[in-house]
Amino acid sequence: EAGVAQSPRYKIIEKRQSVAFWCNPISGHATLYWYQQILGQGPKLLIQFQNNGVVDDSQLPKDRFSAERLKGVDSTLKIQPAKLEDSAVYLCASSPWTANEQFFGPGTRLTVL
Amino acid sequence: AQSVTQPDIHITVSEGASLELRCNYSYGATPYLFWYVQSPGQGLQLLLKYFSGDTLVQGIKGFEAEFKRSQSSFNLRKPSVHWSDAAEYFCAVGPSKLSFGAGTTVTVRA
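Residues numbered from 1 in each chain as written. Chains lettered and ligands numbered in written order. Predicted model: local features only at pLDDT ≥ 70, side-chain atom pairs only at ≥ 80, totals over all residues. Heavy atoms only, no water.

Novice: Could you clarify how one ought to interpret the nonpolar core in this entry?
Specialist: A general feature of soluble globular proteins is that nonpolar side chains tend to end up buried together. Judged by nonpolar contacts, the single largest core of 26 residues is most densely connected at Trp35, Leu48, Phe74, Leu76 and Tyr89 of chain B. Only strand E2 (10–14), strand E3 (19–21), strand E5 (33–38), strand E6 (44–50), strand E8 (64–68), strand E9 (73–78), strand E10 (87–93) and strand E12 (104–109) of chain B provide two or more residues apiece to this core. Considering every element that reaches this core, the biggest residue donor is E10 of chain B, with four residues. With sequence-adjacent residues up to four places away left out, Tyr89 of chain B is seen in contact with Gln6, Leu21, Trp35, Tyr36, Val37, Leu47, Phe63, Leu76, Gly103, Thr104 and Val106 of chain B. Val4, Phe21, Phe65 and Ile79 of chain A belong to the second-largest nonpolar core, a separate cluster that totals 21 residues. (Core = buried A, V, L, I, M, F, W, Y, C linked by side-chain atoms within 4.5 Å. Buried < 20%, exposed > 50% of the residue type's maximum accessible area, 1.4 Å probe, protein only. Helix = DSSP H or I, 4+ residues; strand = E, 2+ residues; numbered from the N terminus. Contact = heavy atoms within 4.5 Å.)

Novice: Would you mind showing me how to read the sheet that holds strand E7 (residues 65–68) of chain A here?
Specialist: Strand pairing in a sheet is mediated by backbone hydrogen bonds. Such pairs are either parallel or antiparallel. Residue and element names in this part refer to chain A. Spatially, E1-E3-E8-E7 is the arrangement adopted by the four strands of the open sheet, whose pairing is antiparallel. Where the open sheet ends on each side, the last strands, each with one partner, are strand E1 (5–7) and E7. For this sheet the average axis-to-axis angle between neighbouring strands, irrespective of direction, equals 15°. By the bridge criterion, five bridges tie strand E3 (residues 19–24) to strand E8 (residues 75–79) in an arrangement that is antiparallel. (Pairing = 2+ DSSP bridges. Axes fitted to C-alpha atoms, helices over the stretch in contact; angles between N-to-C directions.)

Set out below in structure tokens:
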């Protein structure tokens, strides 16, 4: 069974630029999560999707971050404009349904200069 | 609000020695608890989980954890550490909106 795929693996941008990350969850998984992991900290949930609907985006900085999950499969997370403090690893995870084990992708490491 | 505290930022252990990583949680109802491991440049891999039932949970790679409701703890243990166990370990509380601790880095010395 293929795992959660993410791209790109690494991205370096200047502050105020925009960036997008892509996630392909495990086939059949209804729930998809985006986490932000700042160096030295544990992952922090940004947004949770159930199929193509948003379940929780309370910790998403909506003035600059946006996410969508078209057709309930792939998802993209966008930052526009980026700030220095957005430098982090962005992890995507999926699970068959909520309240279950989450499977994580390898992450995208973002550096904002 | 739910939260997790991992009191130990860094632990160094000799190969073959036992390992125990501490985790304390705060959650209003019966918690779903998880331990994940993260190697450098990798995503998180689930070691074990507790939803209900037997409070001693067995996981992969020889790890186990014990849920103690009275102490709000879910400590991770391994009887004999291998060099490949060097990694960062995260405790998390759920069920779906996971809150993670800050992690414990484990270094294994020969």
